[in-house]
Amino acid sequence: MLCFHVCAGEIFELKAELNSDKKEKKKEAVKKVIASMTVGKDVSALFPDVVNCMQTDNLELKKLVYLYLMNYAKSQPDMAIMAVNTFVKDCEDPNPLIRALAVRTMGCIRVDKITEYLCEPLRKCLKDEDPYVRKTAAVCVAKLHDINAQLVEDQGFLDTLKDLISDSNPMVVANAVAALSEIAESHPNSNLLDLNPQSINKLLTALNECTEWGQIFILDCLANYAPRDDRESQSICERVTPRLSHANSAVVLSAVKVLMKFMEMLPKDLDYYGTLLKKLAPPLVTLLSAEPELQYVALRNINLIVQKRPEILKHEMKVFFVKYNDPIYVKLEKLDIMIRLASQANIAQVLAELKEYATEVDVDFVRKAVRAIGRCAIKVEQSAERCVSTLLDLIQTKVNYVVQEAIVVIKDIFRKYPNKYESVIATLCENLDSLDEPEARAAMIWIVGEYAERIDNADELLESFLEGFHDESTQVQLQLLTAIVKLFLKKPTETQELVQQVLSLATQDSDNPDLRDRGYIYWRLLSTDPVAAKEVVLAEKPLISEETDLIEPTLLEELICHIGTLASVYHKPPSAFVEGSRGVMHKRLPARTGSGESTESPDVGTIAGGSGTETAPSIIPSQGDLLGDLLNLDLAPPTTTGPPPPTSGMQMGGMDLLGGGLDSLMGAGFGAVPAVMPASLNAPMGGGLGDLFDLGGGVGMPLGAYIPPKTVWLPAMKAKGLEISGTFARRAGVIQMELTLTNKAMSVMTDFAIQFNRNSFGLAPAGPLQVLSPLSPNQTIEVSLPLSTVGPVMKMEPLNNLQVAVKNNIDVFYFSCQYPISMLFVEDGKMERQVFLATWKDIPNENESQFQIKDCHLNSDAASNKLQASNIFTIAKRTVEGQDMLYMSIKLSNGIWVLAELRVQTGNPNYTKSMNKSHLKLF
């Protein structure tokens, strides 16, 4: 109660002071109110008294009152309306500072009732003669858009904001860009920042004159621009390069981001390309002389840059050497970059450093240093022997954690260089008793099992691990089970009892399902087919890759576009840690132009601009987080590089089942289709009805649903050695994608997965891509992938276009193919006669298409039987003046019906086909 009275008394005193006639006393009272508000006291009871203090010429007092208003307006919106008149009046004050202060405060008061009063003052301030007011008003538009987006659009503020990009004052330009970027992030598809060469030129001009934060806004905006060609890219890079010498590290990183992105479009044989690489190194090195926190941010960004373009810093290895007073997080990051930059030229220097680090006192750092030595051996083959020798020296130190890390990395070296360094196994076995960490114990067990034939007492060593089997971690138990089975297959007579013991422990005494299942598999293999067991368990293992911790290429491209942001520190795309709609717009690097190099994931803007010249096969441009979403489908509609679809409704070269194309089935306009016959139908009609009649095949062809021959969809040169051929078939009501995968590379391919983009008929994989064994070099395998029609739907051009992403351990590859429309004809497509007749009469004449099928030597009955095999059903047949007329129905997988009439003249190999397209009538 005492506290309440004191507070009430204090409020009363403040109220009296706020209403004082003396200006100084009034200002001091407002300061006390703000001080109380800052420490969390509730002074909202003074709202009307504080608002009355707005009527003053004193700028300091006005700022304090506005600060109070911003804090309490939301809790007292009705009271806040009292201040509107003063705001409007202040927006016309002769002093530009007061005009700017008024519009800034109105933008910060997030009360719907006030926003409608803000429009007119804001409109005036956006066109104010003073640049300070204009730049403040530009930011206010973004704040108002966050409160009421529709109001901003209706009032035309966005157009005014776009006009400010051409303002004569660089700070106004920077704030306009910042506001538009903020709005564009919350509305990714709005295309607000529709940049063109003229506006880019204005931004680059403003870049030299605005403040450092203004420069960051402009540079970030430039990074989202897609230059037309390599000449424009070079021009922008030349004008951005001076920002690399800026004192603010954020400006430097933003400039690096722009240059890294636009370098993609410069030919590597260009002199300027080499010059730019040299210019990028010094500013990055300079960032490492800042305080540790800034160093860490710089190092995380450099880690990305080195993965994308190691040549930038290949001569700067020494700056990444660890200093004694570096914090551990800086040390670990430097160590990682040292490994990425390691090469034959500097490996001696790197190894000497790493050996020194392995004697440090910080355990985590020492562990990482020892692992780094192993990574060097795997990465630089010429240094492998020196690395192994260094690791053996470290093992001789007998420092427990050093020995254990060394054994883990030596296991990887054995995997990389089989039958080369096995002489060190004896030294490793001497340290068996000191191993107490699961990873080290598992590595040692793997080595004993893998090289059991070279170790005389391998059975004794493994038996010693078996004694405490139930106390071991799952990792060690699994490794021990496999190692003993390997030992048994190599020395069956001596280890029969040992293998029975471990199988019994794994299957009968263990609660772990993974261990139990593996035990049962081994038991059944050994008891039914020992030869097969040998082939499975002792199979030749693929070599491990040079660097296993590289960021996946598609993700790396996206992170390069986010250099200087939190995404580049986390090494995660913004969508992984930003909630809501903001910040989840995926970004990609542009495609390289002006050289003969092909890019694996070209940018959409470049393709649409027409720079692609190859037509077969069509490669899907990498859009959105394609790799990140490969097994999590949400691909944006890509643009193919293939030729434009045929415009003539009668052209049968692509896929023109209904003469006018199937686009009308998807709800496009039903214009009058020309009833003229095509000039020539001898060309293959991929995906059309001609294939169903086996044109050129004649009568002797076997009966059954038509399956097109396989064609190459993805050539090896486009996919780092992976060639994919394929076709489509429909068997027992299931659509199958028949694939032939050929490995024309020198390395083993594993971890295959497949994903489709949204397409016209919702085709999607009904299960995973079943590539059960690694695909060795020069090996070919056949895979059948069942498809469903319940995937996401999006109209494609041409309608039967299918865009596919295939992933393996090397990369993600994209291609497009066209499926025969007959694959979508379902088995229950036979319409009742009465329904057929009524439907045929209801369809307007303009929905009818007519064309000829030439050189088909089948009579009407044979044609009917052949078509029925592909789910084109004959409903009725009649003969008129020696001409057989077959009436047919087709039902597509999406429930749309197509009715057809086939006229067959005896002795005439040319058929006339009339097709009626039901106006999306579903039966």
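Please read all numbers here as calculations on a predicted model, not as lab measurements.

1. With respect to the packing of helix α23 (residues 400-416) against helix α25 (residues 438-450)
Line of reasoning, step 1. The geometry of α23 relative to α25 is characterised by a closest axis approach of 8 Å and an angle of 40 degrees between their N-to-C directions. It follows that α23 is oblique to α25 by the angle criterion. The hand of the α23/α25 crossing is left-handed. Every residue of α25 that contacts α23 at Gln-404, Ile-407, Val-408, Lys-411, Phe-414 and Arg-415 is listed here: Glu-439, Ala-440, Ala-443, Met-444, Trp-446 and Ile-447.
Line of reasoning, step 2. When grouped by side-chain class, the residues that make up the contact of α23 with α25 number eight nonpolar, one polar and three charged.

2. Points about the sheet that holds strand β7 (residues 801-807)
Line of reasoning, step 1. Pairing is antiparallel in the open sheet, where three strands are placed in the order β4-β7-β8. In this open sheet, the two strands that pair with only one neighbour each are β4 (753-756) and β8 (812-818). Between one strand and the next, the sheet's axes are offset by a mean angle of 25 degrees, whatever the strand orientation.
Line of reasoning, step 2. Across four bridges, the pairing between β4 and β7 is antiparallel. Bridged to Ile-754 within β7 is Val-806.

3. Comments concerning a negative patch on the surface
Line of reasoning, step 1. A cluster of acidic side chains, namely Glu-460, Glu-463, Glu-467 and Glu-497, defines a negative patch on the protein surface.
Line of reasoning, step 2. Residue position: Glu-463 is located in helix α26 (residues 458-466).

4. Concerning the pairing of strand β6 (residues 780-788)
Line of reasoning, step 1. Across eight bridges, strand β3 (residues 734-743) lies against β6 in antiparallel orientation. Within the sheet, the bridge partner assigned to Met-737 lies in β6 and is Leu-785.

5. A short note on the pattern of salt bridges
Line of reasoning, step 1. Taken as a whole and judged by the stated rule, the model has 30 salt bridges.
Line of reasoning, step 2. For the salt bridge of Arg-375 with Asp-336, the shortest nitrogen-to-oxygen distance reads 3.2 Å. A residue pair is termed long-range when its members are at least 10 positions apart, and Arg-375 in helix α21 (residues 363-379) and Asp-336 in helix α19 (residues 328-341) qualify at 39 residues.
Line of reasoning, step 3. With relative accessibility at 23%, the residue Arg-375 sits in the partly exposed group.
Line of reasoning, step 4. Its salt-bridge partner being Arg-441, residue Glu-472 comes within 2.5 Å of it at the nearest N-O pair. Here Glu-472, found in the loop between α26 and α27 (474-490), pairs with Arg-441, found in helix α25; they are 31 residues apart in sequence, far enough to count as distant.
Line of reasoning, step 5. On the accessibility criterion, Arg-441 (17% relative accessible area) is buried.
Line of reasoning, step 6. Here the residues in one salt-bridge network are Arg-367, Arg-371, Glu-405, Glu-437 and Glu-439, joined through shared partners.

6. Remarks on the sheet that holds β3
Line of reasoning, step 1. With antiparallel pairing, the five strands of this open sheet are ordered in space as β1-β2-β3-β6-β5. Edge strands, defined here as strands with exactly one partner in the open sheet, are β1 (711-714) and β5 (764-765).
Line of reasoning, step 2. In the sheet, strand β2 (residues 722-731) pairs with β3 via 10 bridges, with the strands oriented antiparallel. When the bridges of β3 are listed, Arg-731 appears paired with Val-734.

7. A word on the state of the cysteines
Working definition of a disulfide: a covalent bond connecting the sulfur atoms of two cysteines.
Line of reasoning, step 1. Overall, the coordinates contain zero disulfides when judged by the stated rule.
Line of reasoning, step 2. No disulfide involves Cys-108; its sulfur sits 7.5 Å from that of Cys-140, the nearest cysteine.
Line of reasoning, step 3. According to the relative accessible area criterion, Cys-108 is partly exposed, its value standing at 25%.

8. Details of helix α14 (residues 212-223)
Line of reasoning, step 1. Spanning 12 residues, α14 covers 17 Å between terminal C-alpha atoms, matching the ideal 16 Å at 1.5 Å per step.
Line of reasoning, step 2. Looking at α14, one finds that the buried residues are Gly-214, Gln-215, Ile-216, Ile-218, Leu-219, Cys-221, Leu-222 and Ala-223.
Line of reasoning, step 3. Summarising the contacts, the buried residues of α14 are in contact with α12 (170-186), α13 (197-207), α15 (230-240) and α16 (249-263).

9. Focus on the packing of aromatic side chains
Line of reasoning, step 1. Applying the stated rule across the entire model yields 10 aromatic pairs.
Line of reasoning, step 2. Ring centres of Trp-713 and Phe-815 lie 6.0 Å apart, and the angle between their planes is 25 degrees; this geometry places the pair in the stacked category. With Trp-713 in strand β1 and Phe-815 in strand β8, this residue pair connects regions lying 102 residues apart in the sequence. Assigned by exposure class, Trp-713 and Phe-815 land together as buried.
Line of reasoning, step 3. Pairing Phe-836 with Tyr-887 gives two aromatic rings, centres 6.4 Å apart and planes at 75 degrees, and the pair type is edge-to-face. Within this pair, whereas Phe-836 is found in helix α34 (residues 833-842), its partner Tyr-887 is found in strand β11 (residues 883-891), the two being separated by 51 residues in sequence. Here Phe-836 matches Tyr-887 in class, with each residue buried.
Line of reasoning, step 4. We note Lys-331 situated over the ring of Phe-365; from NZ or CZ to the ring centre the distance is 5.2 Å.

10. What about the nonpolar core?
Line of reasoning, step 1. Within the largest apolar cluster, 211 residues are counted, with the highest numbers of intra-cluster contacts made by Tyr-68, Leu-122, Leu-203, Val-240, Leu-354 and Phe-414.
Line of reasoning, step 2. Setting aside residues up to four positions removed in sequence, Leu-203 forms contacts with Ile-165, Val-173, Val-177, Leu-195, Ile-218, Cys-221 and Leu-222.
Line of reasoning, step 3. Grouped together as the second largest cluster of nonpolar side chains are 52 residues, Met-737, Phe-756, Leu-785 and Phe-813 included.

Cut-offs and rules
- Residues numbered from 1 in each chain as written.
- Predicted model: local features only at pLDDT ≥ 70, side-chain atom pairs only at ≥ 80, totals over all residues.
- Heavy atoms only, no water.
- Axes fitted to C-alpha atoms, helices over the stretch in contact; angles between N-to-C directions.
- Helix = DSSP H or I, 4+ residues; strand = E, 2+ residues; numbered from the N terminus.
- Parallel < 35°, antiparallel > 145°, perpendicular 65-115°, else oblique.
- Left-handed = near helix turned anticlockwise from the far one by under 90°.
- Contact = heavy atoms within 4.5 Å.
- Nonpolar A, V, L, I, M, F, W, Y, C, P; charged D, E, K, R; others polar.
- Pairing = 2+ DSSP bridges.
- Patch = residues over 30% accessible without salt bridge, like charges linked within 9 Å, V, L, I, M, F, W, Y side chains within 5 Å.
- Areas by Shrake-Rupley, 256 points an atom, 1.4 Å probe, with all protein chains shown as cover.
- Salt bridge = Lys/Arg side-chain N within 4 Å of Asp/Glu carboxyl O.
- Lys, Arg positive; Asp, Glu negative; His and termini not counted.
- Charge placed at Lys NZ, Arg CZ, Asp CG, Glu CD.
- Buried < 20%, exposed > 50% of the residue type's maximum accessible area, 1.4 Å probe, protein only.
- Disulfide = S-S within 2.5 Å.
- Expected span 1.5 Å × (residues − 1).
- Phe/Tyr/Trp six-rings, centres within 6.5 Å; stacked < 30°, edge-to-face > 60°.
- Lys NZ or Arg CZ within 6 Å of the ring centre and 35° of its normal.
- Core = buried A, V, L, I, M, F, W, Y, C linked by side-chain atoms within 4.5 Å.

By themselves, these figures tell us nothing about what the structure is for.
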